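Structural overview
Letter by letter, the chains look like this.
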Amino acid sequence: MPEFDLVVIGGGVSGITAAAYARRAGRDVVLLEAGDRLGGCAHTWHPLADFWLELGAHTAYNSYGALLALNPDAAFGNLIPRAKVGYHFFADGRLQSPFARLGFLEAALHLPFGLGRSKAGQDVEGYFTRLLGRGNWQRLLAPAFAAVLSQPAGPYPAEWLFKRKERIKAAPRKFTHAAGLQGWLTELAGHLDVRLGQPVQALALAEEGVRLQLVDTEVSAREVVIATPLDVAARLLSGVVPDLAAQLQATAMADIETHAVVVPAGKSTLPAVAGLIGGDDAYYSAVSRDYLPHPEWRGFAFHFKPGLLNAEARRRKIAEVLGCEPGDFAYETETRNRLPALTPASVALAGRLRERLADSPVRLAGNYLNGLSLGDAAVHAAQGG
């Protein structure tokens, strides 16, 4: 008989959601996380006791119903509304409203022919070029969407971008948590059996479920949910559905070089912003902590395009944008984020994976199966993968 009823592999938003919904349904669940923290793409850096900064995912919305259903406070008093500051382009040393880049005449000429067009099978560039025109795509939409996705946006599947979702009106429209988004996800996992530092090396189907090979032992489970990054999931699936695992492994990964700084509040000349859209510059976006202002500090996470600048050049670029000197950085840190580079082919592959694994004791949950946002990943995980 298997030692465990359900093992969830991976402690990001998908794994936490899958485990929490299974626990709510009365199942005995163990969550194994290879690293030393929960959160996955939600990574909150705490340089000071009362000041934190997001290094990965930055925003949660009241359309994230699958996550909000797990919130321990039904009145959502533990969630903090974000201040109303906006995103801007930054070019030639000044801020520019996104609307200043919109060609209204071009949009008006294209919009009647693009409305109602199905997104199915379309990439973002093709869909929005038909909708608003090539010039609007190049000037506005391509850099704005790249800032959202932290990768070139053109190949991304159009049907996975900006899905309509029901909003939970009792929750703040945009929000964070007193301990940041990683803190919120950790709170949602509070009643789970979580085991950190437990990487799974391999999976194999067994007569009564699945065998899991850990670093120095083997365990068995009646059912397994793989909620790891795409490349890790492909490796684990190689012993279950090797042909589809190979297709999954062929999906490209996008690297993002994140460099975050904290400066005294008076050092930066940049007005309060939610973030900056890098456009043709070396960074996709620079996301600030101004949506949760602090009397003494400001923080900025720059998500740089990979391979363009070394660490010192990144520091100089950040100082240039903030209107200060690198010596004004009171705290700084670097990390590398990795996201799947999804295409319309990813939608079809996700469907084949769900179909093949439907009668298997192995299921998948992850940001490569329904879209990159925390909310999209959680919806898929809550529905059972």
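What this report covers is the structure whose coordinates are included nearby. Note on numbering: residues in each chain are counted from 1, in written sequence order. In view of the model being predicted, local features appear only for residues whose pLDDT reaches at least 70, and side-chain atom pairs are presented and counted only at 80 or more, with totals across whole chains, interfaces and linings using the full set of residues. The side-chain figures draw on all heavy atoms in the structure; neither hydrogens nor water molecules are used.

So, the packing of helix α3 (residues 104-114) against helix α4 (residues 124-132)
Axes here mean lines fitted to C-alpha atoms, for a helix over just the part in contact, with angles spanning 0 to 180 degrees between N-to-C directions. Numbering goes from the N terminus for both helices and strands, where a helix is a DSSP run of H or I of at least four residues and a strand is a run of E of at least two. Two elements in contact, α3 and α4, have axes whose closest approach is 5 Å; the angle formed by their N-to-C orientations is 115°. Of the possible angle classes, the one that applies to α3 and α4 is roughly perpendicular. Side by side, α3 and α4 meet where Glu 106, Ala 107, His 110, Leu 111 and Gly 114 of the first sit next to Thr 129, Arg 130, Leu 131 and Leu 132 of the second. Each residue gets one of three labels, nonpolar for Ala, Val, Leu, Ile, Met, Phe, Trp, Tyr, Cys and Pro, charged for Asp, Glu, Lys and Arg, and polar for the others, Gly among them. Of the residues assigned to the contact of α3 with α4, the class counts are 4 nonpolar, 3 polar and 2 charged. Note that the term roughly parallel is reserved for angles under 35 degrees, roughly antiparallel for angles over 145, roughly perpendicular for angles of 65 to 115, and oblique for everything else. Contacts between residues were defined by any pair of non-hydrogen atoms, one from each residue, lying within 4.5 Å.

Comments concerning unusual backbone geometry
Phi is positive for Phe 76, close to 60°, though the residue is something other than glycine. Secondary-structure assignment places Phe 76 in the loop between α2 (65-68) and β6 (79-81). You will see that Asp 92, though not glycine, has its phi angle at about 55°, which is positive. The topology assignment puts Asp 92 in the loop between β7 (87-91) and β8 (94-96).

What about empty space enclosed by the protein?
The pocket and cavity definitions rest on a 1 Å grid over protein atoms only: a 1.4 Å probe that fits but cannot leave marks a cavity, an open set with protein on both sides within 12 Å along at least five of seven lines marks a pocket, and residues lining either have an atom within 4 Å of a point. Grid points are joined across faces, edges and corners, and a volume is the space filled by probe spheres set on the points. In the structure shown here, the tally under the stated rule is 1 cavity of 30 Å³ or more. Within this model, the largest cavity holds a volume of roughly 40 Å³. Considering the residues around the largest cavity, the lining is formed by Leu 230, Leu 248, Thr 251, Ser 346, Leu 349, Ala 350, Leu 353, Tyr 368 and Leu 369. Among the elements that make up the lining of the largest cavity, the one with the highest residue count is helix α10 (residues 344-357) (4 residues).

Digging into the packing of aromatic side chains
Paired rings are identified among Phe, Tyr and Trp, the last through its six-membered ring, by centres lying within 6.5 Å, and are further divided according to the angle between planes into stacked (under 30 degrees), edge-to-face (over 60) and tilted (the rest). Applying the stated criterion to the full structure yields 10 aromatic pairs. Between Tyr 127 and Phe 128, the aromatic rings sit 5.0 Å apart at their centres with planes inclined by 85°, giving edge-to-face as the arrangement. Each member of the pair, Tyr 127 together with Phe 128, is buried. Summarising the aromatic geometry, the rings of Tyr 283 and Phe 302 are spaced 5.3 Å apart at their centres and angled 70° between planes, so their arrangement reads as edge-to-face. You can see Tyr 283 sitting in strand β16 (residues 283-288) and its partner Phe 302 sitting in strand β17 (residues 297-304), a full 19 residues away along the chain. Exposure categories follow from relative accessible area, calculated using a 1.4 Å probe and restricted to protein chains: below 20% of the type maximum is buried, above 50% is exposed, and the middle band is partly exposed.

A few points about a positive patch on the surface
Patch membership is restricted to residues that have no salt bridge and whose relative accessible area is over 30%. Joining uses 9 Å for like charges and 5 Å for the nonpolar side chains Val, Leu, Ile, Met, Phe, Trp and Tyr. With residues, only the protein chains shown are counted as cover, and all accessible areas are computed by Shrake-Rupley using a 1.4 Å probe. By definition here, a salt bridge exists when the distance from a side-chain nitrogen of Lys or Arg to a carboxyl oxygen of Asp or Glu is within 4 Å. For the purpose of charge, His is not counted, nor are the chain termini; Lys and Arg are scored as positive and Asp and Glu as negative. Lys charges are placed at NZ, Arg charges at CZ, Asp charges at CG and Glu charges at CD. On the surface, Lys 84, Arg 167, Arg 173 and Lys 174 cluster together into a positively charged patch. Tracing the sequence through the fold places Lys 174 in strand β9 (residues 174-177).

Considering the side chain of Asn 62
With respect to the secondary-structure elements, Asn 62 resides in the loop between β5 (60-61) and α2. Among the polar contacts made by the side chain of Asn 62, one reaches the side chain of Arg 167 at a distance of 2.7 Å. Filtering out sequence-adjacent residues up to four positions away, Asn 62 remains in contact with Leu 68, Glu 166, Arg 167, Ile 168, Lys 169, Ala 171, Pro 172, Arg 173 and Phe 175. In protein, a polar contact means a hydrogen-donor-capable atom and an acceptor-capable atom, both N or O and within 3.5 Å, with residues adjacent in sequence counting only if both atoms are side-chain atoms; elsewhere, any N or O pair within 3.5 Å suffices.

That's the geometry; what it means functionally is another story.
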